[in-house]
Amino acid sequence: MSADFWGPDFDELRATDPEIAGVVLGELQRLRGGLQLIASENLTSPAVLAALGSTLSNKYAEGYPGRRYYGGCQVVDAAEEIGNARARELFGAEHANLQPHSGASANFAVYAAFARPGDTVLAMDLKQGGHLTHGSKVSFSGKWFDAVSYTVREDTELIDYDQVRDLAKQHQPKIIICGATAYPRLIDFPVFREIADEVGAILMVDAAHFIGLVAGKAIPSPVPHADVVASTTHKVLRGPRGGMILCREQHAAAIDKAVFPFTQGGPMMHAIAAKAVALKEASTAAYQAYAAQVVTNAGALAKSLEDEGMRAVSGGTDTHLALLDLRPIGVTGAQAEARCDLARVTLNKNSIPYDPAPPLRPSGIRVGSPSTTTQGMGEPEMAEVGRLVARAVKADHESDAGRAELAEVAEQVGELVSRFPAYRR
Ligand code: DSN
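Fair warning: this is a prediction, and the values are worked out from it, not measured in the lab. (Residues numbered from 1 in each chain as written. Predicted model: local features only at pLDDT ≥ 70, side-chain atom pairs only at ≥ 80, totals over all residues. Heavy atoms only, no water.)

Peer 1: What's the story with the sheet that holds strand 12 (residues 321-325) in this structure? I'm lost.
Peer 2: Through backbone hydrogen bonds, the strands of a sheet pair up, either in parallel or in antiparallel fashion. Strands sit in the order 11-12-15-14 across an open sheet of 4 strands; the sheet is antiparallel. Edge positions in the open sheet fall to strand 11 (311-312) and strand 14 (348-350), since each of these has one partner strand only. As judged from the 5 bridges shared by strand 12 and strand 15 (residues 364-368), these two strands associate in the antiparallel manner. Bridge pairing links A322 to V367 in strand 15. Strands in contact with helix 13 (residues 333-342) are strand 14 and strand 15; relative to strand 14, the strand with the most contacts, it is inclined by about 175 degrees. (Pairing = 2+ DSSP bridges. Helix = DSSP H or I, 4+ residues; strand = E, 2+ residues; numbered from the N terminus. Contact = heavy atoms within 4.5 Å. Axes fitted to C-alpha atoms, helices over the stretch in contact; angles between N-to-C directions.)

Peer 1: What exactly am I supposed to notice about the nonpolar core here?
Peer 2: Generally speaking, a soluble globular protein has its nonpolar side chains buried in company with each other. In terms of nonpolar packing, the biggest core is built from 56 residues, with F91, I159, I176, F192 and L246 touching the most fellow members. In terms of residue count, helix 8 (residues 189-199) provides more of this core than any other element does, 6 residues in total. If sequence neighbours within four positions are ignored, F91 has contacts with I211, V214, A215, V223, M244, L246 and L279. Among the nonpolar cores identified, the runner-up in size contains 34 residues, and L35, V331, V345 and L406 belong to it. (Core = buried A, V, L, I, M, F, W, Y, C linked by side-chain atoms within 4.5 Å. Buried < 20%, exposed > 50% of the residue type's maximum accessible area, 1.4 Å probe, protein only.)

Peer 1: How should I be thinking about helix 7 (residues 161-171) in this particular structure?
Peer 2: Within an α-helix, residues lying three or four positions from one another point in the same direction, as the helix has 3.6 residues per turn. Residues of helix 7 that are buried: Y161, V164, R165, L167 and A168. Along the axis of helix 7, the buried residues cluster in a sector spanning 165 degrees; they form a single face. Along helix 7, the residues that are exposed and aim more than 90 degrees away from the buried face are D162, D166 and Q170. Here helix 7 starts with a cap whose side-chain oxygen sits 3.3 Å from the backbone nitrogen of D162, and that cap is D160. Looking one or two residues beyond helix 7, the residue adopting positive phi is Q172, at roughly 45 degrees. (Arc of directions from axis to C-beta. Polar contact = N/O pair within 3.5 Å; in protein donor to acceptor, adjacent residues only side chain to side chain.)

Peer 1: Could you clarify how one ought to interpret the side chain of E381 in this entry?
Peer 2: Its location among the elements puts E381 in helix 15 (residues 379-394). Notably, E381 is buried but unbridged: the nearest opposite-charge side chain belongs to R419, and the N-O separation is 4.6 Å. A polar contact of 2.8 Å, which involves the side chain of E381, links it to the backbone nitrogen of G378. Residues within four places of E381 in sequence aside, it is in contact with L416 and F420. (Lys, Arg positive; Asp, Glu negative; His and termini not counted. Salt bridge = Lys/Arg side-chain N within 4 Å of Asp/Glu carboxyl O.)

Peer 1: What exactly am I supposed to notice about the confidence of the model for the protein here?
Peer 2: Should the pLDDT be low somewhere, the predicted coordinates at that spot are not to be read in detail. Put simply, the protein has an average pLDDT of 97, and 100% of its residues get 70 or more. Averaged pLDDT values over the elements of the protein bottom out at 94 in helix 1 (residues 10-16) and peak at 99 in strand 4 (residues 95-97). (pLDDT = per-residue confidence, 0-100.)

Peer 1: Help me out: how do you make sense of the sheet that holds strand 9 (residues 228-232) in this one?
Peer 2: The 7 strands lie next to each other as 4-10-9-8-7-5-6, forming an open sheet whose pairing is mixed. Across the chains shown, the open sheet's two edge strands, defined by having one partner strand only, are strand 4 and strand 6 (146-150). Each strand axis lies, on average, 20 degrees off the axis of its neighbour in the sheet, ignoring direction. Bridging between strand 5 (residues 120-124) and strand 7 (residues 175-178) involves 2 bridges; their strand directions are parallel. Residue pairing in the sheet places V121 in a bridge with I175 of strand 7. Set on the sheet, helix 4 (residues 74-91) makes contact with strand 4 and strand 10 (243-247); between it and strand 4 the angle comes to about 130 degrees.

Listed below in structure tokens is the structure:
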């Protein structure tokens, strides 16, 4: 460790709290030993982790740079100013706010900035790929707001833009939200802009999943079209867990007030510093190559799973994730998730559009390529990953033969990841 840095020292943790040290090591071993295919996860860099594990965690800094409610903020002010400037530059945004603690907190702040309880919002149905904060009845968004949902078309499984327009005209929402957690295709931001303008709504893009692809110029940016872009920082973008909001200058004061003091207290300055590091990393040519490879790899993985008899929702992917319908192979999403877990492959069960099965036993799985691409895997490895996932998904974990097959797949997963190590010096 550098003599100037007072930061993470694992021996200290081991001596102080062996139990938690064991958990931390266990998670590292899990990451190193298996395939991470959760579309919303990634492997942050050691530089991001160093900023996260720094003494910036100690500082209270309610307010904004130069306008804080506590003394001693000169140093942490620099982290936020640098991070905001990097976000504005990278995304061509007029204003950035790096204080949201998470994607859900960022979304909450956007609602707070532009709507009042009882107002109407229009967003994608959770069951069709949206997010809890897009109007689900179990979240503030569906309880405190009159949430109207749009869907994908049943035939193409693509967003039904005609329906979005009809619903917008009928319900006159304050906010129209686009962006999703399980939609593999590009979203037509100019069309959403047109619809929002036709009804005088704010256009909010929830870019949590794909902002990293935008940063890497692998897909079109929502920034020129949206009033406000809310996001996480830890998915393809490969930063620390957290949120971020980008917006037009005309909305800057409303967004800043909605984040602090309306919905949050003290910002997490260590996380903001780590976000700044990730934004710097995402500004490089190497990161652009990474983002392009993420998309290529997701396509290769989806293709490989299709070759194994699964059906790719919407016929494939343009992004970092794919949604697979498992009904053609007679397996549920829950069975697939459990079997893959036993084979050291982490992915999640997921509803597919118009899923006849309940959310806890949905018909699909969601897979993503951000972590495996960070580990350096390319298309040949994605084809191999697809074959291993298919073997696991089809192995009946309640039979001896199935368990033996899963053990063999786990071994081959171990062999594959040993060639593309995560967090190995
Ligand atoms: N939990 C995130 C995801 O997996 O997509 C969304 O919040």
